Structure formats: structure tokens, C-alpha cells
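Secondary and tertiary structure notes
Take a look at the letters that make up each chain.
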Amino acid sequence: MNTLNENNLTEQSLIEWLQGQGYEYVYGPAMAPNQPNAEREDFRSVVLKNRLITSVRRFNPQLPVLQAEQVVNDIASYHNADAILGNKEMFTLITEGVKKTWQENGVEKTEVVKLIDFENTEANDFLITNQFTVQGVENVCRLDGVVFVNGIPLSVLELKSPVREQATIGQAYRDMEYYKKEIPKMFFYNQVLCLSDLTEAKHGTISSSWEWYGTWKGVNSEGDASSGATELEVLAKGLFNKERFLDIIQNFIVFEADGDGDAVTYTKKMALYHQYYGVNKTIDSTVRSVSGEQDRKIGVFWHTQGSGKSLSMVFYVNKTKRIPELKSPAYVFLTDREDLDDQLFKTFSRTGYSTLAKRASSINDLKNKLTHLGSELIFTTIQKFQDDPDANNVLSERENIIVLTDEAHRTQYSMLAGNARQALPNASFLGVTGTPLSNHDKNTMRVFGDIVSSYKIGQA
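Residues numbered from 1 in each chain as written. Predicted model: local features only at pLDDT ≥ 70, side-chain atom pairs only at ≥ 80, totals over all residues. Heavy atoms only, no water.

1. Some remarks on the overall build of the protein chain
Counting its regular elements, the protein chain contains 15 helices and 17 strands. Its C-alpha atoms give the protein chain a radius of gyration of 24 Å, within 12% of the compact-globule value 23 Å for 460 residues. If you line up the protein chain on its principal axes, its C-alpha atoms span 75 × 65 × 40 Å. For the protein chain, the share of sequence-separated contacts (at least 6 apart) that also reach a separation of at least 24 residues comes to 69%. Only carbon and sulfur atoms are counted for the fraction: they give 46% of the accessible area of the protein chain, which is about 19900 Å². Computed over 48 positive and 59 negative side-chain charges, the separation of the two mean positions in the protein chain equals 2 Å. (Helix = DSSP H or I, 4+ residues; strand = E, 2+ residues; numbered from the N terminus. Rg over C-alpha atoms; globule rule 2.2 N^0.38 Å. Contact = heavy atoms within 4.5 Å. Areas by Shrake-Rupley, 256 points an atom, 1.4 Å probe, with all protein chains shown as cover. Lys, Arg positive; Asp, Glu negative; His and termini not counted. Charge placed at Lys NZ, Arg CZ, Asp CG, Glu CD.)

Shown next as C-alpha cells:
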């Protein structure tokens, strides 16, 4: 290990915080080619293949050795001329697995090969390394910190010394932008980019411009860090908690298209701390509600305007659709304006739900769509429960329906949401709002339940 001094104080602090959470540490030059404990074939390779093959064989014992090696070689040699599309494709392989087909004794076999075990966090191999050298297009780049999971470099950290005036977090951002151009291969695999000078710390994605890098606040919940903790310590213990890091990668990252056609570009977006903690609190309440508790009232998700409520709902669906107790729920999104309905529908359609997102033109159409047993997302306006005579009838008695009502603070919801509850007697209801609720506003909480998460304008 390199000697601790003022120039690598930030690196060493990060390493110690991650080691304290069970990460293995290996000094980057020690794993370089031609070293006694080399883990790399050359300085252009960024995937630690021996670690990945070990994990792939452990997670997929039914897979023949040759096929496992082919999967690892394909991952390690992956290339795409477009950095964002390459990152998007690799994200899918990392989160959903690699489809592998081969012939065995004249029979075609197909397996979806897991690269990460998202259900059993400790089954994975977590590694932090520093001073990781990569040969670039023209120059050699030395990365201050890289987090590997099963040999895949999922996070790159650019760390500056807190005692050098010119080594600012702004310079860390400029260095990261340079790395993205000079060593694009590293960024096919990367999910989280981090910048820090120890005191300040910010995180983003491959798509993030400077203004979209965020600060992680809270280790186990919003704002629970000790007053003396630096932002890097909170980031290391909060975002990089092993279980939380995998949860974020699997459920709290999306690629949002800029349009609906074929020739679209994508922006990679990751949850900010208030979205992550708020959505998970809401999911805990959802599990209780769908099981029959709380009078099937999930609660009120109150996050101030401009805090990304639409994306929070996408993250909510991303995770709840995977929870076995919720039994592949159907989601009904209610708004009280056509423009809000259109906006929410487009957000989901452009973040991976173009096939499942449907619009209900009438109450009868909603009823027909709810007869399907899949996790469909159905969008409609709440006025239909007032104007359509079919709303007086029970539309579905399914218990795995989640109704999400946007701008749930509005006065008319108390009556119209009551009609919706009558039509969907076993559904669970979640209210979403960005407007402060006064202590005297009983309607919203009477219909939807208590506030499960709040993010006020002062926090924003």
C-alpha cells in the first residue's frame, strides 16, 4: 500500500471507509501486467477477468465452463463506437444478465447468465483499488479510485488532495471529462462517477454535466450523518454501502430517451439521495398496504416541486415490480389534467416502459386493461370516475393493483378518489404531491394515508 501523506489523504480515507464495509483493497500497480499478483492482461484491459469468471461460474453452476469463459471474454472485449449506447447496452447485460445459446449433444440450450447476484449481496466480490493505470487513445491515464464488483469496474472516482489549492472538485470534473474521451472503454461498464476533494463529494453518471452532479446526504436515511462527517465519508458509507450500491444499480438508474422515434439519444439518470430514501420508504409502506394493512392506504409521497417526482415514480415501479410479495402488480396512474397525464405517460414511455405503458380512454377501457395479469402501467384522468357511469361499478377485485395519484393535494380528489376506491376495492392507493400540506388539510391524508416521505423546499 502506498504511504499515507497529504497528497493521497483523500484516496486513503475512501479506501479505509470502504474496507470498513467489507470491500477488499488491492493497490492498483500490484495488479498490473507482469506483477506477481497480476490481474490484468495488459494496460488497455479494464475488466478483471479471473474475478468475473469465478463469479459467473458461482452464480451459474449449470453453465458449462467453455460457455462461461465465452461470456466473460465477450464482456471484457465489448466495444461500441457510441459511448452512451455502449453504456446503455452494458447496463442491460449487468442488470438483466447475458443470454447465451449453445449446442450440447445436438440439442440447443439457452441460459440467461447472471453477472451480479442482486438477491444475495455478500455473494458478490467487492473491490476498491487506487492508482489504476489505463492506456488511453493517446495517453496513459491513472485513475485515483475504481470500484469493481465481480471484476467489472462499476464506479470511477476522481479524488483531489484537500491541501492543494489548485486541486479542486471542479478540476476533478474536468479530469473525468478528459478520461471519458481518452479511455472510453472504462466508461462502458461504469454506473456511478464520483468527484471529491475529501470535504466536498459529488456523484453523477456518464451523461452528467457539472450542474447535474449531486451530493449524497445521509448514510442510512436522509440527513442522518454525523455533523463532523465529510461529504466523501457520507458518500462512501451511504451510496457505496454494498447492498445500497447494488440496489441503486438495479432499480434507481434509467436511460431517458429524448423523443419517441427511432433516432433518439439517451440521458442516463440516477436517483438523488432524497429520491432513493423516499422511494424505499414508500415501497416498505406499499408491501404493508398490499398485504391488507393500513386500510390499503400506502400514504402520501410529498416531495417539493422540481425534485423529480416523475422519475421517483419510475424508480418506484422499477423496484416494486420485482418484489415477490407484490405479485407483479398493475399500476394505475391518475391525474386531473390531460397535460399531466401526457407528461407522466411520456416519462415512463421514454425510460423503458414503452411496451407496458397504456392509456385508458374510458372507464370500460380501464376495466378491460385490468383483466391482464401482467405488470401493465395504465394512465388515465381521475375525472373519468366522475363523468363515466361505468365508474359506479366494480372494475376489478384484484389485490395487486397500485393506484398512484399525481398532485394528490387537490380538493376534488377526496370525492373522486373515493369513487376510484369503490371501483377498485382491493387496490392500494398512493398520493403524490409537490405542494405543502397544512395540518388542517385532512382530505389528502384521509384518502391516501399518512406522509411516508417528505422532501421540503428548504432541503432542496
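2. Examining empty space enclosed by the protein
Under the counting rule described, the total for this entry stands at one cavity of 30 Å³ or more. The volume enclosed by the largest cavity comes to roughly 50 Å³. In this structure, the largest cavity is lined by V279, T282, F301, S312, M313, Y316, L430 and V432. Secondary-structure elements contributing two or more residues to the lining of the largest cavity are α9 (273-290), α10 (309-320) and β16 (428-433). When residues of the lining of the largest cavity are assigned to their parent elements, the largest contribution, three residues, is made by α10. Residues belonging to the lining of the largest cavity are distributed by class as follows: six nonpolar, two polar and no charged. (1 Å grid on protein atoms, 1.4 Å probe; cavity = no way out; pocket = protein on both sides within 12 Å on 5 of 7 lines; lining within 4 Å. Points joined across faces, edges and corners; volume = space filled by probe spheres on them. Nonpolar A, V, L, I, M, F, W, Y, C, P; charged D, E, K, R; others polar.)

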